[in-house]
Amino acid sequence: MLTNDSRALIAIADGQEIFIRPEMLNRHGLIAGATGSGKTVSLQTLAETFSQMGIPVFMADVKGDLSGIAGSGAETGKPAKRARELRLEEKGFRFQGFPVRFWDCYGKGGHPLRATISEVGPLLLGRLLGLNDTQAGVLQLAFRIADDNGLLLLDLKDLRSMVQYVGDEREQFKSYGLVSPASVGAIQRGLLGLEQAGGDVFFGEPALDIMDLLSLRDGKGIVNVLDATALVNSPGLYSCVLLWLLSELYERLPEQGDQPLPRLVFFLDEAHLLFRDIKPELLGRIEQVARLIRSRGVGVFFVSQSPSDIPDSILGQLGNRIQHALRAFTPKDQKAVRAAAQAFRPNPAFQTAEAIGSLGVGEALVSFLDSGGAPEMVQKALIVPPQSQIGPIDGHEREELIGRDQAASRYDQAIDRESAYEILTARAGRLQAEKASAEWAKAREKARRELEKQARQAEKDQKREEKRLAAQARNDPLGGLLGNVARQTTRNVGAKLGRELGKSIFGNSVGGQIGATIARGLLGSLLGGRR
């Protein structure tokens with residue numbers, strides 16, 4: 001719902017309308033609250049409102065019910081009742097669906113959302129694999145060697161092959177740094193676990209063109225819904241996907257400064273998963289992206305149970321806030337409530353900390369930025385209900401929407417082009433063939449030398465036999481005649497057998513000659529010695 005000054009109506013407090021200014025959306029925002037307090041409904045209301053303004057949206061569907069934004073809301077039920085109570089029909093409220101594009105890293109509940117190994121990079125992958133500093137250093141070294149040798153890292157088998165290659169040839173790559181077999185083994189084990197978590201489907205081509213998230217349809221921004229119902233069971237991969245998307249937006253989009261409308265609004269649901277056991281280097285990268293991505297025209301809303309889930313360095317950058325109920329059952333919870341209350345500009349009409357604990361479902365403390373970028377006074381308000389369906393749409397309807405989407409022709413068919421795996425496998429095959437060829441040549445040379453030795457011995461034996469027969473012929477003419485016949489027969493038969501034997505071993509004329517000499521000597525010894 002829009003007013004004549006293009007502000008978006010989000011909540012109503014005692015009849016007072018509370019708007020969010022689209023030009024301030026790139027100052028980011030926060031939606032927080034306990035489970036069941038209404039965070040998802042607030043997210044859906046914001047998403048469809050931005051879509052109606054012509055702003056594309058991206059959000060991860062962790063619970064599996066945000067697909068309902070594609071369908072029209074019902075004229076009965078709690079949303080309809082809330083709309084009548086707030087007299088929203090007078091402000092242009094009507095139940096309707098919004099243009100949606102479904103994505104899924106596993107390719108089941110939407111178009112396959114893929115990224116290449118190179119695009120994600122060693123920093124995010126190191127965190128995803130849970131590597132220590134030494135192991136992460138080896139991973140970075142593998143990326144550097146791949147770049148220097150023109151080896152594309154597109155999917156997991158590329159990275160596995162590259163890491164193994166670096167480990168096997170570590171002496172060759174000493175100039176890059178030391179590579180320990182233990183680190184290589186740790187990386188390979190991590191990659192195996194990542195593959196079992198579905199990384200073999202996520203990493204590959206065609207990779208997502210980030211510009212496809214910025215589409216419009218019939219003047220409305222497309223709501224990109226990532227099916228994360230299964231993905232969230234692998235928290236490391238889930239956070240990696242979202243952080244990669246943010247990094248891609250930061251890297252790909254040119255600076256545009258403050259504009260009347262942002263290019264995209266990005267919702268990070270279950271934001272606490274992004275910062276669990278995070279290393280300072282990666283946290284610094286997220287802080288940098290959050291601070292600078294606003295100049296690219298991207299607004300980011302963090303969605304989590306408590307503001308304390310977000311590091312202070314990032315929390316301080318979130319100017320638009322919707323705070324649902326928090327329950328304070330322990331001293332730690334009470335501290336979190338006080339911290340959440342202190343983040344708002346006080347309202348003298350109520351105590352913010354007390355109000356946080358008493359909010360009903362669909363009720364929230366709301367504070368958005370004014371036209372000058374300063375936080376408005378916090379208001380205790382009712383969130384405007386969604387115009388779209390609350391809860392998931394029918395599975396058949398979802399499949400039909402996915403099939404009709406033009407993105408199907410670009411992403412649904414996987415591509416496996418030549419990259420590091422194929423090149424290294426071919427290289428290993430050539431090396432193995434060259435090794436086998438060298439071993440065979442060595443064996444042939446050894447056999448040749450042995451045959452030459454035998455040939456020389458056979459020649460000696462033949463000459464001794466000829467001398468013996470010559471002496472015998474002088475004393476016995478008939479025996480001499482038989483000896484001549486035997487010698488000629490020996491030469492003829494030996495030559496023929498030798499040529500065949502030598503060629504079968506060496507395949508050339510030299511082999512035939514050597515074989516003939518050996519055979520003549522052997523036959524001469526056998527035949528010449530008989531009377």
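Residues numbered from 1 in each chain as written. Predicted model: local features only at pLDDT ≥ 70, side-chain atom pairs only at ≥ 80, totals over all residues. Heavy atoms only, no water.

Asks: Honestly, the sheet that holds strand β4 (residues 57-61) in this entry has me stumped. Any pointers?
Replies: Hydrogen bonds between backbone groups are what pair the strands of a sheet, and the pairing can be parallel or antiparallel. The strand order across the open sheet built from 12 strands is β2-β1-β14-β13-β12-β3-β11-β10-β4-β9-β5-β6, with neighbouring strands paired in mixed fashion. Strand pairing shows two members of the sheet lacking a second neighbour, β2 (16-20) and β6 (111-112), which therefore form its edges. Where helix α7 (residues 235-252) meets the sheet, its contacts fall on β4, β9 (223-227), β10 (264-268) and β11 (298-304), and the angle it forms with β10 comes to roughly 160°. (Pairing = 2+ DSSP bridges. Helix = DSSP H or I, 4+ residues; strand = E, 2+ residues; numbered from the N terminus. Contact = heavy atoms within 4.5 Å. Axes fitted to C-alpha atoms, helices over the stretch in contact; angles between N-to-C directions.)

Asks: How should the pairing of β9 be read in this particular structure?
Replies: Along any regular strand, the residues point their side chains to alternate faces of the sheet. Extensive coverage of β9 is indicated by the burial of five of its five residues. A two-sided burial pattern is seen for β9, the buried positions comprising V223, V225 and D227 on one face and N224 and L226 on the other. Pairing between β4 and β9: five bridges, direction parallel. Looking at the pairing, D61 lines up with D227 of β9. Looking at chain direction, strand β5 (residues 100-104) and β9 are connected through four bridges and run parallel. Pairing of F102 across the sheet is with V225, part of β9. (Buried < 20%, exposed > 50% of the residue type's maximum accessible area, 1.4 Å probe, protein only.)

Asks: Can you help me understand the pattern of salt bridges in this one?
Replies: One pass over the full model with this rule turns up 21 salt bridges. A salt bridge links D405 to R101; the shortest N-O distance between them is 2.8 Å. Placement of D405 in the loop between α12 (395-404) and α13 (408-411) and of R101 in strand β5 is noted, with a sequence separation of 304 residues between them. Considered together, D405 and R101 belong to a single accessibility category, that of buried residues. In this structure, E400 and R404 form a salt bridge, with 2.8 Å as the shortest nitrogen-oxygen distance. Of this pair, E400 and R404 are both found in helix α12, four residues apart, which corresponds to roughly one turn of the helix. Each of the salt bridges in this network shares a partner with another, and the network as a whole consists of D155, K157 and D416. (Salt bridge = Lys/Arg side-chain N within 4 Å of Asp/Glu carboxyl O.)

Asks: Mind showing me how you'd approach helix α10 (residues 331-342) here?
Replies: Helical periodicity: at 3.6 residues per turn, an α-helix aligns residues three or four positions apart in one direction. Helix length check: α10, at 12 residues, gives a terminal C-alpha distance of 17 Å against a target of 16 Å (1.5 Å per residue), a fit within 8%. For α10, the full list of buried residues reads A336, V337, A340 and A341. The arc that holds every buried residue of α10, seen down its axis, measures 135°, which confines them to one face. Turned more than 90 degrees away from the buried face of α10, the exposed residues are P331, K332, K335 and Q342. (Expected span 1.5 Å × (residues − 1). Arc of directions from axis to C-beta.)

Asks: Honestly, the confidence of the model for the protein in this entry has me stumped. Any pointers?
Replies: Of all residues in the protein, 87% have pLDDT values of 70 or greater, and the mean over the chain is 86. Throughout residues 522-531 the model reports pLDDT below 50, and contacts reaching past four residues in sequence, or to other chains, amount to 18 contacts. (pLDDT = per-residue confidence, 0-100.)

Asks: Where do I start with the packing of helix α3 (residues 117-129) against α7 in this structure?
Replies: Orientation of α3 relative to α7, taken along the N-to-C sense of each, is 150°, at an axis distance of 10 Å. One element, α3, and the other, α7, form an angle in the roughly antiparallel class. Two packed elements cross with a definite hand, and for α3 against α7 that hand is right-handed. Residues E119, V120, L124, R127 and L128 of α3 touch α7, and the partners they reach there are G236, L237, S239, C240, L243, W244 and E248. Considered class by class, the residues forming the contact of α3 with α7 number seven nonpolar, two polar and three charged. (Parallel < 35°, antiparallel > 145°, perpendicular 65-115°, else oblique. Left-handed = near helix turned anticlockwise from the far one by under 90°. Nonpolar A, V, L, I, M, F, W, Y, C, P; charged D, E, K, R; others polar.)

Asks: I would appreciate a short explanation of the packing of α3 against helix α4 (residues 133-148) in the present structure.
Replies: The angle between the axes and the distance between the axes are what describe a pair of packed helices. Running from N to C, α3 and α4 point in directions that differ by 170°, and their axes come no closer than 9 Å. Between α3 and α4, the angle falls in the class roughly antiparallel. Together, I117, S118, G121, P122, L125, G126 and L129 of α3 and L139, Q140 and F143 of α4 make up the contact between the two elements. Taken together, the residues of the contact of α3 with α4 sort by class into six nonpolar, four polar and no charged.

Asks: Honestly, the packing of aromatic side chains in this entry has me stumped. Any pointers?
Replies: Here the distance between the centres and the angle between the planes together describe a pair of aromatic rings. Applying the stated criterion across every chain yields a total of 11 aromatic pairs. Residues W103 and Y411 carry aromatic rings whose centres are separated by 5.3 Å and whose planes lie at 75° to one another, so their mutual orientation is edge-to-face. Pair noted here: W103 is in strand β5 and Y411 is in helix α13, with a separation of 308 residues, a long-range link. By the burial criterion, W103 is buried, and Y411 matches it. Counting every residue linked through ring pairs, the aromatic cluster contains F50, F267 and F301. (Phe/Tyr/Trp six-rings, centres within 6.5 Å; stacked < 30°, edge-to-face > 60°.)

Asks: Is there a simple way to explain the pairing of strand β3 (residues 29-32) in this structure?
Replies: Of the two faces of β3, the one carrying G29 and I31 and the one carrying L30 and A32 are both buried. Bridge analysis of β3 against β11 gives four bridges, and the strand direction is parallel. Within β11, the residue paired with I31 across the bridge is V303.

Asks: Got a minute to help me understand the nonpolar core in this structure?
Replies: One broad rule of soluble globular proteins: the nonpolar side chains tend to lie buried together. Counting 85 residues, the largest nonpolar core has L125, M162, F202, L226, F266 and F302 as the members making the most contacts within it. At 11 residues, the largest contribution of residues to this core is made by α7. The next biggest cluster of nonpolar side chains, apart from the first, holds 36 residues, and it includes A13, L46, M53 and F102. (Core = buried A, V, L, I, M, F, W, Y, C linked by side-chain atoms within 4.5 Å.)

Asks: What is the right way to read the side chain of S419 from this model?
Replies: Looking at the secondary structure, you find S419 in the loop between α13 and α14 (420-475). Among the residues examined, S419 registers a relative accessible area of 1% and is labelled buried. In this view, S419 contacts L152, L154 and D158; residues no more than four positions away in its chain are not counted.

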